[in-house]
Amino acid sequence: MAVRAVRGAVQLERDDAGHMEQQVGALLTAILERNGLTADDVISIWFTATPDLHSDFPAAAARKLGIVDVPLICAQELDIAGAMPRVVRILAHIESERPRAEINHVYLGAAAALRKDIAQ
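Residues numbered from 1 in each chain as written. Predicted model: local features only at pLDDT ≥ 70, side-chain atom pairs only at ≥ 80, totals over all residues. Heavy atoms only, no water.

Asks: What is the right way to read the sheet that holds strand β5 (residues 106-108) from this model?
Replies: Paired through their backbone hydrogen bonds, the strands of a sheet run either parallel or antiparallel. With mixed pairing, the 5 strands of this open sheet are ordered in space as β3-β2-β4-β1-β5. A strand with exactly one partner marks an edge of an open sheet, and here the two such strands are β3 (72-76) and β5. Between one strand axis and the next, the sheet turns by 15 degrees as a mean value, whatever way the strands run. Pairing of strand β2 (residues 42-49) with β3, which is carried by 5 bridges, proceeds in the parallel orientation. (Pairing = 2+ DSSP bridges. Helix = DSSP H or I, 4+ residues; strand = E, 2+ residues; numbered from the N terminus. Axes fitted to C-alpha atoms, helices over the stretch in contact; angles between N-to-C directions.)

Asks: I would appreciate a short explanation of the nonpolar core in the present structure.
Replies: Across soluble globular proteins, you tend to see nonpolar side chains buried next to one another. Membership of the largest hydrophobic core comes to 29 residues, with the highest contact counts inside it found for I45, F47, V88 and I90. Among the elements of the structure, β1 (2-11), α1 (17-34), β2, α2 (59-64), β4 (87-96) and β5 are those that each provide at least two residues to this core. A per-element tally of this core places α1 first, with 7 residues. (Core = buried A, V, L, I, M, F, W, Y, C linked by side-chain atoms within 4.5 Å. Buried < 20%, exposed > 50% of the residue type's maximum accessible area, 1.4 Å probe, protein only.)

Asks: Even after reading the chapter, I still don't get α1, so can you show me in this structure?
Replies: Along an α-helix, a turn takes 3.6 residues, which lines up residues three or four apart on a common side. Between its terminal C-alpha atoms α1 stretches 25 Å, which fits the 26 Å expected from 18 residues at 1.5 Å a residue. Looking at α1, one finds that the buried residues are H19, M20, V24, G25, L27, L28, A30, I31 and L32. Those residues of α1 that are buried lie in contact with β1, β2, α2, β4 and β5. Its side-chain oxygen at 3.2 Å from the backbone nitrogen of G18, D16 defines the N-terminal cap of α1. G36 lies just past α1 and shows a positive phi near 60 degrees. (Expected span 1.5 Å × (residues − 1). Contact = heavy atoms within 4.5 Å. Polar contact = N/O pair within 3.5 Å; in protein donor to acceptor, adjacent residues only side chain to side chain.)

Asks: Explain the side chain of S96 to me, please; I cannot follow it from the model alone.
Replies: For S96, the location among the structural elements is in strand β4. At a separation of 3.0 Å, a polar atom in the side chain of S96 contacts the main-chain amide nitrogen of R98. The residues touching S96, leaving out its near neighbours within four places in the chain, are M1, A2, R4 and I103.

Asks: I'm lost on the pattern of salt bridges in this one. Help?
Replies: Close approach of charged atoms allows side chains of opposite charge to pair. Scanning the model with the defined rule gives 3 salt bridges in all. For R14, the salt bridge goes to E13, with nearest N and O atoms at 3.7 Å. Judged by relative accessible area, R14 falls into the partly exposed class, the value being 42%. As a salt-bridge pair, R89 and E77 come within 3.7 Å of each other at their nearest N and O atoms. With R89 in strand β4 and E77 in the loop between β3 and β4, the pair connects residues that are 12 residues apart, well separated along the chain. Taking relative accessible area as the criterion, E77 reaches 22% and is therefore assigned partly exposed. (Salt bridge = Lys/Arg side-chain N within 4 Å of Asp/Glu carboxyl O.)

Asks: Teacher, can you tell me more about the pairing of β2 here?
Replies: Moving residue by residue along a regular strand, the side chains alternate between the two faces of the sheet. With 6 of 8 residues buried, β2 lies mostly within the body of the structure. Pairing between β2 and β4: 7 bridges, direction antiparallel. Looking across to β4, one finds that S44 is bridged to H93. Note that the unit made of β2, α2 and β3 has a crossover that is right-handed. (Right-handed = clockwise from strand over helix to strand, strands pointing away.)

See the structure below:
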């Protein structure tokens, strides 16, 4: 089984804990579904949030989805002038037999503009 990395991002409409849980949960679900994964295939997940998000930890959404025995970490994204606001990004390390070129990176909504080269 190979170790792969899968990326994703979502832009939130507002800084609200319930909204963050919903949107990050949708992003994680889409990443798992589009790559044929289960929680058992996930090795670890890095979450970053732009500095304008304060309402909750993005990793809390993963725990509520049942991803409970996977190492998770949250960090703050760089505060770059002109960067898209209210964005949560994910870098998940997974076990998969898929070749690297067949990994589906998921950028939901307006966040698709962040990585047009790999967004599915």
